[in-house]
Amino acid sequence: MWSVRILICLSVLSLCACKHEPLVPEVIPPEGGTTIAQECDADSVYFSNQILPLFQSSCALSGCHDAATAEDGIVLDSYSNILGSGELVPFDTDEGDIYELITETDPDKIMPPPSEAPLSQEQIDLIGQWIEQGAPNNGCVNCDYPEVSFSGTVFPLIQNKCEGCHSGTDPEANLSLTNYDEVRFLVDNNYLIEVLNAEPGYVPMPYNGNQLPQCERDMIQQWIDDGAPDN
């Protein structure tokens, strides 16, 4: 038992090696504009909620397109840097290298490279839809879930906020979060909600200090209080 707890502790402490943003439902303003709160529309894609987490967990990594490395002079860690790269053209997925590279089939050209966890087709489609919408710097708020479940509530949050680093053949901290059993392992060892709530003695997650909104943490807590079912 102690060996398991030590392993978990070391894994959680080393999560800080992957500095990625969460899928935050905090609205960010357009460049030079003011913050506009709006409820999420199922037919729209939102940059701060859905797109930025994908770029930061799959592209803006150490050795790739973070500010320190800036591979090929490209940084993909914020809206201004993504659009300022000149490699993404609003309304047109046929222009710019970013969309071309994430849809590439040649393993020598595709991004993220094969050493990293690939984007799923759903995630690629999401980026494509956002570009076709004009690649706006938008965000929304939505915590109105009729029912809390693993498949419908908890796992989608983890997929968007964690899987970019915690998946593939070499996940950060040797900790993969790609299925129910892997997430349940952290729940059973009393670490998942503790790091999300930044409890004393735990390394706060997400690492960048942009804590999940209270309503999302409440939903995860409710799922845990319900017995963390695989539902």
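Residues numbered from 1 in each chain as written. Predicted model: local features only at pLDDT ≥ 70, side-chain atom pairs only at ≥ 80, totals over all residues. Heavy atoms only, no water.

**Student:** Can you walk me through the nonpolar core in this structure?
**Tutor:** A general trend in soluble globular proteins is that nonpolar side chains are found buried together. Judged by nonpolar contacts, the single largest core of 26 residues is most densely connected at F150, I158, V183, L192, I220 and W223. When contributions to this core are tallied by element, the ones reaching two or more residues are α6 (150–161), α7 (180–188), α8 (192–196) and α9 (214–225). Looking at this core, the element that brings in the most residues is α6, giving five residues. (Core = buried A, V, L, I, M, F, W, Y, C linked by side-chain atoms within 4.5 Å. Buried < 20%, exposed > 50% of the residue type's maximum accessible area, 1.4 Å probe, protein only. Helix = DSSP H or I, 4+ residues; strand = E, 2+ residues; numbered from the N terminus.)

**Student:** Would you mind showing me how to read unusual backbone geometry here?
**Tutor:** Along the chain, M111 connects to P112 via a cis peptide bond; the corresponding omega equals -10°. By the secondary structure assignment, P112 is in the loop between α4 (97–102) and α5 (121–132). Positive phi values are uncommon outside glycine, yet A70 reaches one of about 50°. Its place among the elements puts A70 in the loop between α2 (47–58) and α3 (79–84). Note on A70: relative accessible area 22%, which makes it partly exposed. The backbone of F91 sits at a positive phi, close to 75°, despite the residue not being glycine. Residue placement: F91 occurs in the loop between α3 and α4.

**Student:** Whenever I open this one, the side chain of S85 confuses me. Can you help?
**Tutor:** For S85, the location among the structural elements is in the loop between α3 and α4. Within polar-contact distance, the side chain of S85 engages the backbone oxygen of I82 at 2.7 Å. Within the local environment of S85, its side chain forms a polar contact with the backbone nitrogen of E87, the two atoms lying 3.1 Å apart. When neighbours within four sequence positions are excluded, S85 is seen to be in contact with I74 and I98. (Polar contact = N/O pair within 3.5 Å; in protein donor to acceptor, adjacent residues only side chain to side chain. Contact = heavy atoms within 4.5 Å.)

**Student:** Just checking my understanding: could you explain α9 for this structure?
**Tutor:** In an α-helix there are 3.6 residues to a turn, and that puts residues three or four apart on one side. Look at α9: 16 Å from first C-alpha to last across twelve residues, which is about the 16 Å you get at 1.5 Å a residue. Residues E216, R217, M219, I220, W223 and I224 constitute the buried set of α9. Summarising the axial view, the buried residues of α9 lie within an arc of 155°, below the 170-degree limit, and thus occupy one face. G227, located one to two residues past α9, shows a positive phi value of around 105°. (Expected span 1.5 Å × (residues − 1). Arc of directions from axis to C-beta.)

**Student:** Mind showing me how you'd approach the packing of aromatic side chains here?
**Tutor:** The description of two aromatic rings rests on the distance between their centres and on the angle between their planes. For the coordinates displayed, the defined rule picks out six aromatic pairs. Geometrically, the ring pair formed by Y191 and Y202 is edge-to-face, given 5.4 Å between the ring centres and 70° between the ring planes. Of this pair, Y191 sits in the loop between α7 and α8 while Y202 is found in the loop between α8 and α9, placing the two residues eleven residues apart along the sequence. Since its relative accessible area comes to 27%, Y202 is described here as partly exposed. Aromatic ring contacts, followed pair by pair, group F150, F155, Y180 and W223 into a single cluster. (Phe/Tyr/Trp six-rings, centres within 6.5 Å; stacked < 30°, edge-to-face > 60°.)

**Student:** Help me understand the pattern of salt bridges, please; the structure alone is not making it clear to me.
**Tutor:** Between side chains of opposite charge, a pair can form when the charged atoms approach closely. Overall, the coordinates contain one salt bridge when judged by the stated rule. Across the pair R184 and D188 runs a salt bridge whose closest N-O atoms are separated by 2.7 Å. Of this pair, R184 and D188 both sit in helix α7, separated by four residues, roughly a single helical turn. Looking at R184, the relative accessible area reads 24%, which means it is partly exposed. Classification of D188 as partly exposed rests on a relative accessible area of 47%. (Salt bridge = Lys/Arg side-chain N within 4 Å of Asp/Glu carboxyl O.)

**Student:** What should I look at first to understand the side chain of S57 in this one?
**Tutor:** Of note, S57 is situated in helix α2. A polar side-chain atom of S57 sits 2.8 Å from the main-chain carbonyl oxygen of P53.

**Student:** Is there a simple way to think about the packing of α6 against α9 in this case?
**Tutor:** Working note: a packed helix pair is described by the angle between its axes plus the distance between those axes. Interhelical geometry of α6 versus α9 gives an angle of 125° and a closest axis separation of 10 Å. Between α6 and α9, the angle is such that the two are oblique. When the axes of α6 and α9 are compared, the crossing they make is left-handed. Along the contact surface, α6 presents F150, T153, V154, L157 and K161, while α9 presents E216, M219, I220 and W223. Across the contact of α6 with α9, the residue classes tally to six nonpolar, one polar and two charged. (Axes fitted to C-alpha atoms, helices over the stretch in contact; angles between N-to-C directions. Parallel < 35°, antiparallel > 145°, perpendicular 65-115°, else oblique. Left-handed = near helix turned anticlockwise from the far one by under 90°. Nonpolar A, V, L, I, M, F, W, Y, C, P; charged D, E, K, R; others polar.)

Read these as geometric descriptors, not functional statements.
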